[in-house]
Amino acid sequence: MAKSSPIETVTETVIHVTREGEWLPPEELRAAALSAVDTDGNLTVNLEGVEHLDASSLQILLALAAERKKRGKGLRLANASLALSRWFEYAGGRTSLLHVSVNGHA
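Remember, it's a predicted structure, so these values are computed and weren't measured experimentally.

Rules behind the numbers
Residues numbered from 1 in each chain as written. Predicted model: local features only at pLDDT ≥ 70, side-chain atom pairs only at ≥ 80, totals over all residues. Heavy atoms only, no water. Salt bridge = Lys/Arg side-chain N within 4 Å of Asp/Glu carboxyl O. Helix = DSSP H or I, 4+ residues; strand = E, 2+ residues; numbered from the N terminus. Buried < 20%, exposed > 50% of the residue type's maximum accessible area, 1.4 Å probe, protein only. Core = buried A, V, L, I, M, F, W, Y, C linked by side-chain atoms within 4.5 Å.

Draft legend 1. The arrangement of the pattern of salt bridges in detail. Within this structure, the stated rule accounts for five salt bridges. For Glu12, the salt bridge is made with Arg76, and the minimal N-O distance between the two is 3.9 Å. With Glu12 in strand β1 (residues 12-16) and Arg76 in strand β5 (residues 76-80), the pair connects residues that are 64 residues apart, well separated along the chain. Classification of Arg76 by relative accessible area gives partly exposed; the value is 33%.

Put into structure tokens, the structure is as follows:
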């Protein structure tokens, strides 16, 4: 009798942008984004505890979202503060590229 092996299914990959309460440096965020751009399934960036982003971090997130959209995949920003949610809206990414949940609410 042949054994069947389970098929691995990736459902969600999460990028945590803080470490010990501090925002990741842009070069680390960029490296994480580049490694996750081809991820199958859902890609989520967890913004819990982040109250503001610098311009380079916003640029990285918008570029990641645009690249995933080109590949037919999405990007979700989870646990964004209301202020960050508004910032993404002003940057033009909230409706066209990003799915933003404010503090856990879609």
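Draft legend 2. Highlighting the nonpolar core. Counting residues in hydrophobic clusters, the biggest one holds 24 residues, and the most contacted among them are Ile15, Val45, Leu47 and Phe88. Those elements giving two or more residues to this core turn out to be α1 (26-36), β4 (42-46), α2 (55-70), β5 and α3 (82-90). Considering every element that reaches this core, the biggest residue donor is α2, with six residues.

Note that every value here comes from positions in space, so none of it alone points to a role or purpose.
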